[in-house]
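Chains, contacts and geometry: an overview
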Amino acid sequence: MERNRKKISSWTPVQDIRFVVFDTETTGFDLKKDKIISIGAIALRAQRIDVGDSFEVLVRQENVGDREAVSVHGLLRKDIASGIDEKQAVAAFLDYIGDSVLVAQHAGFDMCMVNRILRRHFGIRLFNEVIDTASLAKRLEKGPYYNLAHKAGEYRLDTLCERYSIRLHDRHTSAGDAYLTAQLYQRLLAKGRKSGIETAGSLLMK
């Protein structure tokens, strides 16, 4: 599978960019051993969340179902068994995101998990621009040089949702967390506009 990267111009207005806010649910947080069991995503353009432009897939994995992480996500062994294999799942995700800018809460983890599957099956990785909502919130609230590690809990999704008056709903599912993150990102974009963030370059700090 070959994919050519289409670069976004630094001068592209933020309003014209299709953002895909996504989340992965996994069996744990070990980047080497744990597996993706679902991917959820929703698109946002012109600061509007498009619920009609969304994506969700269950990923079939072997020897998954009784671990504590799975019960947290509300998924049972039969749910996981009804999913599609990870190669098909990640290929469908690639088709959905296209050249969009990706957005996720603590994006590094989700990117690593998806890239691990891509490397294993296709020998590629995600080429899209990526925005981490935790880092963007920190940048807007504290400035670009504030160390997130100082008060990591201050930038958890639950904490940010509370701070930005977002009602927690359907937490710990990939689709639910993607929608919560999209609402957070919507508010951060509005806050960013007041600080002069109106182009891809100013948003992505190119």
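Provided above is the structure to which this section pertains.
Notes on the structure follow. (Residues numbered from 1 in each chain as written. Predicted model: local features only at pLDDT ≥ 70, side-chain atom pairs only at ≥ 80, totals over all residues. Heavy atoms only, no water.)

Here we look at the nonpolar core
Convention followed: What we call a nonpolar core is a set of buried Ala, Val, Leu, Ile, Met, Phe, Trp, Tyr and Cys residues that are connected through their side-chain atoms within 4.5 Å. Under the scheme applied here, a residue whose accessible area is under 20% of the maximum for its type counts as buried, over 50% as exposed, and between as partly exposed, the area being computed with a 1.4 Å probe on protein chains only. The helix count covers DSSP runs of H or I at least four residues long, the strand count covers runs of E at least two residues long, and both are numbered beginning at the N terminus.
Among the nonpolar cores identified, the biggest contains 31 residues, and Phe19, Ile131, Tyr185 and Leu203 are the most heavily contacted of them. Looking at this core, the elements that each hand over two or more residues are β1 (19–26), β2 (36–45), β5 (101–104), α5 (133–142), α6 (157–163), α7 (174–194) and α8 (200–204). Residues Ile36, Ile97, Ala107 and Met113 belong to the second largest nonpolar core, which totals 27 residues.

Examining helix α3 (residues 86–97)
The condition is simple: One fewer than the residue count of a helix, multiplied by 1.5 Å, yields its expected span. We call two residues contacting when some pair of their heavy atoms lies within 4.5 Å.
Over its twelve residues, α3 runs 16 Å from end to end, which matches the ideal 16 Å to within 8%, given 1.5 Å per residue. Inspection of α3 places Glu86, Ala89, Val90, Ala91, Phe93, Leu94, Tyr96 and Ile97 among the buried residues, and these make up the whole buried set. Those residues of α3 that are buried lie in contact with β1, β2, β3 (48–60), β4 (84–85), β5 and α4 (107–122). Just downstream of α3, Gly98 is the residue with a positive phi angle, here 55°.

Description of the packing of α5 against α7
To characterise two packed helices, one gives the angle between the axes of the helices and the distance between these axes. Rules: Note on method: axes are straight lines fitted to C-alpha atoms, helices fitted across the in-contact stretch only, with angles between N-to-C directions ranging 0 to 180 degrees. Any angle that is under 35 degrees is reported as roughly parallel, and any over 145 degrees as roughly antiparallel; angles of 65 to 115 degrees are reported as roughly perpendicular and all others as oblique. When the near helix sits turned anticlockwise from the far one by under a right angle, the crossing is termed left-handed; a clockwise turn instead gives a right-handed crossing. Each residue is assigned to one class: nonpolar for Ala, Val, Leu, Ile, Met, Phe, Trp, Tyr, Cys and Pro, charged for Asp, Glu, Lys and Arg, and polar for all the others, Gly among them.
Taken N-terminus to C-terminus, the directions of α5 and α7 make an angle of 30°; their axes are 10 Å apart at the nearest point. The angle between α5 and α7 falls in the class roughly parallel. In the packing of α5 onto α7, the handedness of the crossing is left-handed. For the pair α5 and α7, the contacting residues are Thr133, Leu136, Ala137, Leu140 and Glu141 in the first and Thr181, Leu184, Tyr185, Leu188, Lys191 and Gly192 in the second. Counted by class, the contact of α5 with α7 contains six nonpolar, three polar and two charged residues.

Some points on the sheet that holds β5
Threshold: Two strands qualify as a pair provided that DSSP identifies no fewer than 2 bridges between them.
Pairing within the open sheet is mixed, and its six strands lie in the order β4-β3-β2-β1-β5-β6. One side of each edge strand has no neighbouring strand; the edge strands of this open sheet are β4 and β6 (130–132). Across the sheet, α7 is in contact with β1, β2, β3, β5 and β6; its angle to β2 comes to roughly 30°.

A short note on the pattern of salt bridges
To keep things clear, this is the line we draw: Whenever Lys or Arg places a side-chain nitrogen within 4 Å of a carboxyl oxygen from Asp or Glu, that contact is recorded as a salt bridge.
With the rule as written, the count across this model stands at five salt bridges. Residue Glu141 is joined to Arg163 by a salt bridge in which the shortest nitrogen-to-oxygen separation is 3.1 Å. One end of the pair, Glu141, is in helix α5; the other, Arg163, is in helix α6, and 22 residues separate them in sequence. On the basis of relative accessibility, which here comes to 34%, the residue Arg163 falls in the partly exposed class. Measuring nitrogen to oxygen at the nearest pair gives 3.4 Å for the salt bridge that ties Lys142 to Glu154. Remark: Glu154 occurs in the loop between α5 and α6 and Lys142 occurs in helix α5; sequence separation between them is twelve residues. Take Lys142: its relative accessible area is 42%, and that puts it in the partly exposed class.

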